[in-house]
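# Coordinate analysis (summary)
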Amino acid sequence: MSFRKVVRQSKFRHVFGQPVKTEQCYDDIRVSRVTWDSTFCAVNPSFVAIIVEASGGGAFLVLPLHKTGRIDKSYPTVCGHTGPVLDIDWCPHNDHVIASGSEDCTVMVWQIPENGLSQPLTEPVVVLEGHSKRVGIVTWHPTARNVLLSAGCDNVVLIWNVGTAEELYRLEGLHPDLIYSVSWSRDGSRFCTACKDKNVRVIDPRRGTVVANPGVTRVWRPLIRPPAQTGANVGLTTRVLGLQFLQNFLISLVSRVLADDSGDEEPASQSDKSELHGPLKTLSSKLEDLSTCNDLIAKHGAALQRSLSELENLRLPAESGEKIKAVNERATLFRITSNAMINACRDFLDLAESHSRKWQRLLQHEREQRIRLEETIEQLAKQHNSLERACRGAPGLASATTSISSTAKGTVQSAKGEASDEDEETEYFDAMEDAPAFITVNFNEPLSMLQRLTEDLEYHELLDKAVKCESSTEQMCFVAAFSVSSYSTTVHRTAKPFNPLLGETYELDRLEELGFRSLCEQVSHHPPAAAHHVYSRRGWTLWQEITIASKFRGKYLSIMPLGAIHLEFHSSGNHYVWRKVTSTVHNIIVGKLWIDQSGEIEIVNHKSKDKCQLKFTPYSYFSRDVPRKVTGVVSDADGKAHYVMSGTWDEKMECSKILHSSHGSTSTEGKQKTVYQTLSPKVLWRKYPLP
């Protein structure tokens with residue numbers, strides 16, 4: 001009868017351990033009996049700490065490694081917690097610093113004397129409060145100084161800056177149940193947790209997201225080794241060890257193959273694939289190079305920190321010790337920075353791979369839009385050619401052209417008029433050839449740009465009223481209303497003024513009637529630029545330099561003024577400066593032209609440092625606000641708001657004096673709104689009615 005299946009084969013069957021001698025053990029220590037799964041001890045090269053039973057709170061012993069044998073019951077303890085201590089951990093950068101977590105929902109950091117405890121230690125160096133339930137896990141960051149992680153029964157993970165007692169990161173909602181254990185990766189970029197829901201999670205603390213767990217198809221490739229999942233079976237007799245990442249890798253591979261084989265998306269051309277896969281391969285190779293560099297940095301950085309730690313243990317002067325600590329901190333920061341760079345590069349590569357299909361669709365859409373636009377322009381050109389031919393064939397215009405042109409030209413003109421329709425497909429009519437002596441103006445208005453600039457002074461009485469203001473903030477309100485009034489006529493006047501010649505001037509002398517004189521001159525032809533100066537007998541001077549930049553986007557044209565406008569009041573010396581907003585002309589090719597103003601104007605008083613922020617809200621079909629809305633706030637040099645500006649740039653502007661301001665709710669953009677309590681509004685400017 002064979003016993004091979006009964007007797008377990010093992011090469012360690014007859015190997016037995018040798019018990020440690022009594023004088024080498026720690027005896028008569030009342031280890032804590034609290035119901036918490038913890039090691040209840042922590043050790044470093046100098047001390048061993050053990051959580052013990054205590055009445056009226058929590059405590060733990062701190063013993064030098066050489067102090068073995070029986071421990072007296074009156075030996076001093078660390079006893080600052082009001083509840084039982086659940087976990088302790090020594091700082092990896094300082095052998096005399098230890099952290100503890102307790103049922104009193106606090107984390108405390110203690111400084112142990114160099115020779116150990118001679119009396120009970122009750123005053124911690126730092127108290128960290130942020131958990132709502134008991135704290136069962138504390139662990140230090142392996143590379144960064146003064147960074148501590150704590151986890152409690154509230155299923156929240158907190159990362160602390162011990163030096164300032166502040167929360168660096170608060171990770172909520174990542175664990176649905178109790179957290180059993182936490183372990184940092186060697187470089188400290190991520191940490192792994194085991195939860196009661198039988199899942200292991202790898203978490204990036206900076207982003208506050210789960211990088212990998214058994215329910216996620218993406219896999220984290222750690223710098224050191226993949227973490228393992230452990231758990232106890234029902235009988236609590238054996239341990240189950242399972243690596244989850246192979247399964248995740250296979251699931252990810254199968255999902256990618258199925259995604260590539262699915263027919264939901266249109267197949268991209270071979271050129272598009274090569275254009276996208278080429279950069280992706282380059283990014284992958286660069287990422288591998290960065291990973292290699294990071295491994296070297298981690299290796300040499302660890303050796304450097306070991307050397308510095310050895311130097312710190314030597315008896316050196318105080319100045320050299322401080323310098324060594326500074327160098328050690330810089331080396332740690334350098335390693336952390338390099339690890340962050342590697343993680344950012346890896347995330348960028350993953351993002352590029354996930355968005356490659358979206359880029360293909362966007363490129364295809366852009367190509368289709370460009371082809372459609374080219375076809376539309378070609379059709380418009382053909383229609384224009386047909387209209388020109390029909391106009392030239394009209395009886396009245398034909399006789400006029402014959403009387404002006406010579407006989408030879410008339411022969412050529414008639415020959416062109418009798419051209420076949422097939423020529424229209426390949427030939428475009430030249431408007432300058434055989435054209436009459438006059439040109440029809442359908443896009444311009446019969447004004448010069450210099451005269452159009454002078455029209456900004458239509459509401460000059462606002463500046464005359466501002467001269468009489470005693471308060472600089474009230475004067476700022478009139479200046480803001482004047483800056484908005486220059487856009488009042490752009491709603492109905494969509495035509496473009498003619499460009500003036502170089503050196504052309506326009507003068508408006510109204511000293512006798514209105515008290516001001518304006519002079520405007522074209523000082524540059526390409527790029528076009530004009531200078532404008534206005535002097536008023538009523539106590540103000542205005543000057544500006546105007547040049548523009550434009551962008552054509554197919555359906556609309558954006559015009560961005562680049563010059564600044566200066567306004568100075570003679571009696572007070574207040575000097576105001578502001579710039580104009582962007583003007584957008586819509587329906588350039590097809591449809592009715594209309595103009596919109598958008599952007600922000602910042603008016604600054606360089607003498608009193610008062611400011612006014614005006615916001616021109618762009619038109620939106622889905623917005624419930626009033627069209628062409630303008631809002632703003634006038635504040636003094638200290639940032640205190642005094643007036644609220646409101647209105648529209650084509651109708652009127654009002655100001656309201658602020659009585660009280662308070663912080664309201666948070667907006668969708670994450671900014672906190674300010675609520676102002678004001679008096680009834682006062683109308684500063686109203687548009688003149690059209691004739």
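Reading the values: rules and limits
Residues numbered from 1 in each chain as written. Predicted model: local features only at pLDDT ≥ 70, side-chain atom pairs only at ≥ 80, totals over all residues. Heavy atoms only, no water. Pairing = 2+ DSSP bridges. Helix = DSSP H or I, 4+ residues; strand = E, 2+ residues; numbered from the N terminus. Axes fitted to C-alpha atoms, helices over the stretch in contact; angles between N-to-C directions. Buried < 20%, exposed > 50% of the residue type's maximum accessible area, 1.4 Å probe, protein only. Polar contact = N/O pair within 3.5 Å; in protein donor to acceptor, adjacent residues only side chain to side chain. Contact = heavy atoms within 4.5 Å. Phe/Tyr/Trp six-rings, centres within 6.5 Å; stacked < 30°, edge-to-face > 60°. Lys NZ or Arg CZ within 6 Å of the ring centre and 35° of its normal. Expected span 1.5 Å × (residues − 1). Core = buried A, V, L, I, M, F, W, Y, C linked by side-chain atoms within 4.5 Å.

## As for the sheet that holds strand E16 (residues 191-195)
Spatially, four strands are ordered E15-E16-E17-E18 in an open sheet, and the strand pairing comes out antiparallel. Strand pairing shows two members of the sheet lacking a second neighbour, strand E15 (179-184) and strand E18 (209-212), which therefore form its edges. Direction aside, the axes of adjacent strands within the sheet are offset by 35° on average.

## Some thoughts on the side chain of His131
Looking at the secondary structure, you find His131 in the loop between strand E10 (126-129) and strand E11 (135-140). Its relative accessible area of 9% is what places His131 among the buried residues. Only 2.8 Å separates the side chain of His131 from the side chain of Ser150, close enough to count as a polar contact. Among the polar contacts made by the side chain of His131, one reaches the side chain of Asp154 at a distance of 3.4 Å. Residues within four places of His131 in sequence aside, it is in contact with Cys105, Ser150, Ala151, Gly152, Asp154, Val156 and Leu158.

## Quick word on the packing of aromatic side chains
Applying the stated criterion to the full structure yields eight aromatic pairs. When the ring of Phe569 is compared with that of Tyr576, the centres are 5.8 Å apart and the planes differ by 90°; the resulting orientation is edge-to-face. Each of the two residues, Phe569 as well as Tyr576, counts as buried. Taken together through their ring pairs, the aromatic side chains of Tyr459, Trp685 and Tyr688 make up a single cluster. Positioned over the ring face of Trp649 is Arg628, at 5.9 Å from the centre of the ring.

## What about the sheet that holds strand E2 (residues 41-43)?
Ordered by their spatial adjacency, four strands build an open sheet running E2-E3-E4-E6, and the pairing between neighbours is antiparallel. Two strands bound the open sheet, and with one partner strand each, they are E2 and strand E6 (78-81). Pairwise comparison of adjacent strand axes, ignoring direction, gives a mean angle of 20° for this sheet.

## Points about the environment of Leu501
You can see Leu501 is positioned in the loop between strand E22 (496-498) and strand E23 (505-510). Classification of Leu501 by relative accessible area gives exposed; the value is 62%. Between the alpha carbons of Leu501 and Gln522 there is a distance of 6.8 Å; along the sequence they are 21 residues apart.

## Observations regarding helix H4 (residues 356-392)
Compared with the 54 Å implied by 1.5 Å per residue over 37 residues, the 54 Å span of H4 between its first and last C-alpha is a close match. Considered for burial, the residues of H4 that qualify are Ser356, Gln360, Asn385 and Arg392.

## Observations regarding the side chain of Thr473
Take Thr473: it is sitting in helix H9 (residues 472-485). In terms of polar contacts, Thr473 uses its side chain to reach the side chain of Ser471, at 2.9 Å.

## A few points about the environment of Lys73
Assignment of secondary structure puts Lys73 in the loop between strand E5 (69-70) and E6. Along the chain, Lys73 and Arg30 lie 43 residues apart, while their C-alpha atoms are 8.8 Å from each other.

## Quick word on the nonpolar core
Core analysis: the biggest nonpolar cluster contains 40 residues, and Trp540, Leu567, Trp578, Ile603, Leu614, Phe616 and Met645 have the highest contact counts within it. For this core, the element with the highest residue contribution is H9, accounting for eight residues. Dropping the residues within four chain positions of it, Ile603 is found in contact with Met476, Val479, Ala480, Ser483, Tyr576, Val577, Trp578, Asp610, Lys611, Cys612 and Leu614. Ranked by size, the runner-up nonpolar core spans 22 residues in total, among them Ala49, Phe60, Ile112 and Cys153.

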